[in-house]
Amino acid sequence: MIVTPKIMKGALPKRFIVAVMIFIACLTSFMLRVNMSINILAMVQPTATARQATNPNASSSVSQAARLPTPSSVTVLLPDTKDSTDAANETSFTSDSTEVDKDPDLQNFGPRYRWDQKTQGNILGAYFYGYLLTSLPAGLLAERFGPKLLITVSFVACALTTAVTPLLAELGAWTVIGSRAVIGLLAGFVYPCLHNLISRWIPPNERGKVIACISGGSTFGTVITWPIAGIITEQFGWPASFYVSALFVLLIAVLWVCLIEDSPAQHRTITAEEKQIINDSFGGTVSKSKSWPPLGKAFTSLPYLSLLLLHYGNFWGMNFFITQAPKFMNEVLGFNLSNAGFLSSLPYLARMFSGFFFGYIGDLIRQKDFMSTTAVRKSFCLFSHLIPGAILIALPYIGQDPLVCVSLIVACLGVNGASTITNLVNAQDLAPNFVATLYGVMNFLGTTAGFIAPMLVAHFTSDMNTMEQWKNVFLISAAMYVVSGLIFIAFGSGKVQSWNDVKQKSEPTTESDKVDNNVTYNGECSIIKR
């Protein structure tokens, strides 16, 4: 356990503080990632749904208060029968248009811009373009320079960029797209750095719970950002939502500098006992020497290649819901801005709690040696990938009622919390010496889902925005879950790979670096007492 009575006599274990800060860092990173998904609803003109297009005054199956964010009903720019040419000009929102919408029937959350579906998709996806560029080098840089410096710089620069977003919106859609790409570029360092921090600080049999902090922090960031951003937008306007986010990120950057060190050896106040516990748990699997990652061997390793696919399937589903859930619940299911933000966060709340539950269960199974690490990783793919895929297949057919649809999405991401002991932790199993680089590659590929999913939704909903059009998107997402899960079950592994080995440099050994001679280690980093 991270917190033990023996160590608690003095103070909180430093690795417990590290776990909490990992949670907060992920919360902050996801707040930066998802705040645009809710803010953009107040920044643009709403799109017509099938019901509104045929009858703007039609009543919804949800309450009047659960409609799009307008005082009465949404006023949609429809073709005028007098002049089809003028109508076409009126309803065509070009991607480079910066004209502010003056429609008096829309609530005044701040300026509204004539950005069409394609432009909105580009804005939502731009974060992932930037994120993609730094995911690969982030792991290498974390292993060379340490995670503390990289995450601090990332958060400070992200805060400044977020603060100027309202000003950039006045200049045009492409400046907003650029700012989102810059934030993604900076945020791409965070997760490889955190995995590097875990490999240095957290014993193998405690990693399930700490990986759950990554998943839980990411989820909680989504859970609190959407409803809070919706409330701030409705009360003070959408620019205020960006300003509050920027101040929060700066505060977390200060905490990170004060509380985090790159490794136990660099921490000034860690106890010798805790340092010994951490060092003993690693055995010979974690090297102190810096070495170039064996990428050639990694990319020809079936366990790692199957992990790449598993991670991509999980990232597809997660990023699809992150970028598109508020839009779907607002424009298709008919919930207003605050309700859309709150309801969109419910699946992530379920995912957060289930992530901690599955992380605890996974660590318990390994500590008791009930199952091998490989068996744990593969068997829990049933929850992290196969069941979510089945739910998404069923959703378009049985989720016509808004509340039923929301419940299915909650169930889908709820069981997906098991990813804390499948794809999110498996790189730690395969090669703890190079986990930052391995996770950087996984993030690089997985991030493509972040901008492909909005483009896919824009493609299917360009003419009409109903459940019938969204059905294709849900079925594609289901295939991503199921296929990647089955491939990992066939070829995945939980054992340390031979290419993890690093030639050690001859260094003087200190007392704190000595390994207990009464302890041996199997191929899965499990501690075995003689």
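These numbers were taken from a predicted model, which means no experiment stands behind them.

1. Section: the overall build of the chain
So, step 1. When helices and strands are tallied, the chain shows 21 helices and 2 strands.
So, step 2. Considering the chain as a whole, with its 530 residues, one finds that 59% of them fall into the buried category.
So, step 3. Contacts in the chain between residues far apart in sequence, at least 24 positions, make up 83% of those at least 6 positions apart.
So, step 4. Accessible area for the chain stands at about 20700 Å²; split by element, carbon and sulfur atoms hold 65% of it.

2. Looking at the pattern of salt bridges
So, step 1. Throughout the structure, instances matching the rule amount to 6 salt bridges.
So, step 2. E274 is the partner of R15 in a salt bridge, and the nearest nitrogen-oxygen pair spans 3.1 Å. Taken together, the positions of R15 in helix α2 (residues 14-43) and E274 in helix α12 (residues 272-282) put the pair 259 residues apart, joining distant regions of the chain.
So, step 3. Given the relative accessible area of 2%, E274 is considered buried.

3. A short note on the packing of helix α17 (residues 381-398) against helix α18 (residues 402-415)
So, step 1. The geometry of α17 relative to α18 is characterised by a closest axis approach of 8 Å and an angle of 170 degrees between their N-to-C directions. Between α17 and α18, the interaxial angle falls into the category roughly antiparallel. Contacts between α17 and α18 pair F383, S384, I387, P388, I391, L392, L395 and I398 from the former with V404, C405, L408, I409, A411, C412 and V415 from the latter.
So, step 2. When the residues that make up the contact of α17 with α18 are grouped by side-chain class, the tally is 14 nonpolar, 1 polar and no charged.

4. Section: the side chain of N426
So, step 1. Mapping N426 onto the fold places it in helix α19 (residues 426-430).
So, step 2. For N426, the contacting residues outside a window of four places in its chain are L307, R377, F488, S493 and G494.

5. Points about helix α9 (residues 190-201)
So, step 1. The end-to-end C-alpha separation of α9 is 16 Å, in line with the 16 Å expected for 12 residues at 1.5 Å each.
So, step 2. The buried fraction of α9 amounts to 11 of the 12 residues, a majority that puts the element mostly inside the structure.
So, step 3. Turning to α9, its buried residues are V190, Y191, P192, C193, L194, H195, N196, L197, I198, S199 and W201.

6. Regarding the packing of aromatic side chains
So, step 1. Counted by the stated rule, this structure contains 16 aromatic pairs.
So, step 2. Seen in terms of ring centroids, F380 and F383 are 5.8 Å apart; in terms of plane orientation they differ by 40 degrees. Their pairing is tilted.
So, step 3. Taken together, the ring pairs connect Y113, W115, W238 and F242 into an aromatic cluster.

7. So, the nonpolar core
So, step 1. Core analysis: the biggest nonpolar cluster contains 105 residues, and I22, L194, Y304, F321, F328 and F474 have the highest contact counts within it.
So, step 2. Considering every element that reaches this core, the biggest residue donor is α2, with 14 residues.
So, step 3. Built from parts of two domains, this core gets at least three residues from each of domain 1 (11-46 + 113-280) and domain 2 (301-499).
So, step 4. If near-sequence neighbours (up to four positions away) are discounted, I22 is found in contact with L194, L197, I198, V210, C213, I214 and W256.

8. Remarks on unusual backbone geometry
So, step 1. A positive phi angle is found at D369, which is not glycine, with a value near 60 degrees.
So, step 2. Mapped onto the fold, D369 is located in the loop between α15 (337-367) and α16 (373-379).

9. What about the side chain of S384?
So, step 1. Within the secondary structure, S384 sits in helix α17.
So, step 2. Reaching out from S384, the side chain makes a polar contact with the side chain of H385 at a distance of 2.7 Å.
So, step 3. Looking at S384, its side chain comes within polar contact range of the side chain of T422, at 3.3 Å.
So, step 4. Excluding residues within four positions of it along the chain, S384 makes contact with V415, N416, A418, S419, T422 and Y481.

10. Considerations on the confidence of the model for the chain
So, step 1. With 76% of its residues at a pLDDT of at least 70, the chain reaches an overall mean of 77.
So, step 2. Low pLDDT, under 50, characterises residues 49-98; the stretch is placed with 91 contacts to residues that sit more than four places away or in other chains.
So, step 3. Scored below 50 in pLDDT, residues 525-530 shows 21 contacts in the model against residues more than four places distant or in partner chains.

11. Some details on the environment of P111
So, step 1. Mapping P111 onto the fold places it in the loop between α4 (84-91) and α5 (117-145).
So, step 2. Considering only alpha carbons, one finds P111 and P166, 55 residues apart in sequence, at a separation of 9.5 Å.

12. Things to note about a nonpolar patch on the surface
So, step 1. Where nonpolar side chains cluster on the molecular surface, the patch consists of V156, L160, L247 and L250 and spans about 350 Å² of accessible area.
So, step 2. When contributions to the nonpolar patch are tallied by element, the ones reaching two or more residues are α6 (147-163) and α11 (238-259).
So, step 3. Among the structural elements, V156 can be located in helix α6.
So, step 4. Judged by its relative accessible area of 31%, V156 falls in the partly exposed class.

13. As for the environment of C412
So, step 1. Structurally, the position occupied by C412 is in helix α18.
So, step 2. Assessed through its relative accessible area of 0%, C412 is described here as buried.
So, step 3. As for C412 and I387, which are separated by 25 residues in sequence, their C-alpha atoms are 7.3 Å apart.
So, step 4. Setting aside anything within four residues of it in sequence, one finds C412 in contact with F321, P388, I391, L392 and Y481.

Conventions we followed
Residues numbered from 1 in each chain as written. Predicted model: local features only at pLDDT ≥ 70, side-chain atom pairs only at ≥ 80, totals over all residues. Heavy atoms only, no water. Helix = DSSP H or I, 4+ residues; strand = E, 2+ residues; numbered from the N terminus. Buried < 20%, exposed > 50% of the residue type's maximum accessible area, 1.4 Å probe, protein only. Contact = heavy atoms within 4.5 Å. Areas by Shrake-Rupley, 256 points an atom, 1.4 Å probe, with all protein chains shown as cover. Salt bridge = Lys/Arg side-chain N within 4 Å of Asp/Glu carboxyl O. Axes fitted to C-alpha atoms, helices over the stretch in contact; angles between N-to-C directions. Parallel < 35°, antiparallel > 145°, perpendicular 65-115°, else oblique. Nonpolar A, V, L, I, M, F, W, Y, C, P; charged D, E, K, R; others polar. Expected span 1.5 Å × (residues − 1). Phe/Tyr/Trp six-rings, centres within 6.5 Å; stacked < 30°, edge-to-face > 60°. Core = buried A, V, L, I, M, F, W, Y, C linked by side-chain atoms within 4.5 Å. Domains from an automatic or database assignment. Polar contact = N/O pair within 3.5 Å; in protein donor to acceptor, adjacent residues only side chain to side chain. pLDDT = per-residue confidence, 0-100. Patch = residues over 30% accessible without salt bridge, like charges linked within 9 Å, V, L, I, M, F, W, Y side chains within 5 Å.

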